[in-house]
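# Close look at the chain arrangement
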Amino acid sequence: MKVALGGTFDPIHDGHRALFERAFELGDVTVGLTSDDLAPKTRHDERHVRSFEDRRDNLAVELSSFADGNDRDWQIRKLTEPTGIATEAQFDVLVVSPETETGGKRINEIRRERGHDPLEIAVVPHVYADDGDIISSTRIVNGEIDEHGNLTPEREGRGQPS
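Here we summarise the structure given alongside this text. (Residues numbered from 1 in each chain as written. Predicted model: local features only at pLDDT ≥ 70, side-chain atom pairs only at ≥ 80, totals over all residues. Heavy atoms only, no water.)

## Notes on the nonpolar core
L5, F9, F20, L59 and V95 are the most contacted members of the largest nonpolar core, which totals 22 residues. Beyond its immediate chain neighbours, meaning those up to four positions away, L5 contacts L19, F20, A23, V29, T30, V31, G32, L94 and V95. Grouped together as the second largest cluster of nonpolar side chains are ten residues, A4, I85, L94 and I107 included. (Core = buried A, V, L, I, M, F, W, Y, C linked by side-chain atoms within 4.5 Å. Buried < 20%, exposed > 50% of the residue type's maximum accessible area, 1.4 Å probe, protein only. Contact = heavy atoms within 4.5 Å.)

Pasting the structure below:
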C-alpha cells in the first residue's frame, strides 16, 4: 500500500509519532511537509515555524527509525497547497488525526473529480499530555509541555528567531 500523510511537524511530538507508526504499519510512506509559505496558513494561531529545511531534516530522522523497524520505504515531499500530494492517483491510504479527517474527506472529493479512487482514511486518535489535554506542537512551542506530553511549567516557549 502507498500511504500519504501531511503536516508542518514543528516540533515533532508523540502525536505525530502515532501517525507515523500507523502509516508505516500500512505501507510505504510519503509525507507531505508544508512549505515555508504554506505552513503559517495552516496554523490556527500565530507562532514561529522553523524553516522547511530544518523541519525536513528532523522529520527524516524520525521517519528513518520507523521505516527501519517496518522494512518500508519513505520520502518527504514539499506541500505548496493544503490538499497536497494526497490528490495524486498513486496513493491508497491517507493517515490523518481527528482534526484533519474533514480535510481527508475533501481530498477524496477532489480525487473523485479527477477520476481517481477514493483513499482509505485511517484516523489515528489523539495522544494526550499528562494534564489530559491533547499533545500539540503549539503547546510545546508555548512551553506548556514537552514532546512526550510531560508538563513543563518551568520552561519558556520558543520565541521568534533573532
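Now that the structure has been shown, we can carry on.
## Some points on helix α1 (residues 14-26)
Along its 13 residues, α1 runs 19 Å from first to last C-alpha, staying within 8% of the 18 Å computed at 1.5 Å per residue. Within the sequence span of α1, burial applies to G15, H16, R17, A18, L19, F20, A23, F24 and L26. (Helix = DSSP H or I, 4+ residues; strand = E, 2+ residues; numbered from the N terminus. Expected span 1.5 Å × (residues − 1).)

## Here's the deal with the sheet that holds strand β3 (residues 74-79)
Pairing within the open sheet is parallel, and its five strands lie in the order β3-β2-β1-β4-β5. Whereas interior strands pair on both sides, the edge strands pair on one side only; in this sheet they are β3 and β5 (120-123). In this sheet, adjacent strand axes meet at a mean angle of 25 degrees when their direction is disregarded. Where strand β4 (residues 93-96) and β5 come together, four bridges link them in parallel fashion. In the strand pairing of β5, V95 is matched with A122. Here helix α2 (residues 52-70) sits on the sheet in contact with β2 (28-34) and β3, set at roughly 155 degrees to β3. (Pairing = 2+ DSSP bridges. Axes fitted to C-alpha atoms, helices over the stretch in contact; angles between N-to-C directions.)

## Focus on unusual backbone geometry
At the junction of D10 and P11, the peptide bond is cis and its omega measures out at -10 degrees in the coordinates. By the secondary structure assignment, P11 is in the loop between β1 (2-7) and α1. Notably, F9 is not glycine yet its phi reads approximately 55 degrees, a positive angle. Checked against the element boundaries, F9 lands in the loop between β1 and α1. Given the relative accessible area of 3%, F9 is considered buried.

## Quick look at the environment of P118
Here P118 shows up in the loop between α3 (101-113) and β5. A residue is classified by how much of its surface remains accessible, and P118, at 42% relative accessible area, is partly exposed. Spatially, the C-alpha atoms of P118 and V93 are 8.7 Å apart, while their sequence positions differ by 25 residues. Look past the residues within four positions of P118 in its chain and what remains in contact with it is N108, R111 and R112.

## Examining the pattern of salt bridges
Any two side chains of opposite charge can pair if their charged atoms end up close together. Summed over the entire model, instances satisfying the criterion amount to 13 salt bridges. A salt bridge links D57 to R56; the nearest nitrogen and oxygen atoms lie 3.6 Å apart. In this structure, E109 engages R106 in a salt bridge whose closest nitrogen and oxygen atoms are separated by 3.1 Å. Of this pair, E109 and R106 both sit in helix α3, separated by three residues, roughly a single helical turn. We classify E109 as partly exposed; its relative accessible area is 41%. For R106, a relative accessible area of 37% corresponds to the partly exposed category. (Salt bridge = Lys/Arg side-chain N within 4 Å of Asp/Glu carboxyl O.)

## Quick look at the environment of G132
Looking at the element boundaries, G132 is found in the loop between β5 and α4 (137-141). For G132, a relative accessible area of 44% translates into the label partly exposed. With 17 residues separating them in the primary sequence, G132 and G149 have C-alpha atoms 9.1 Å apart.

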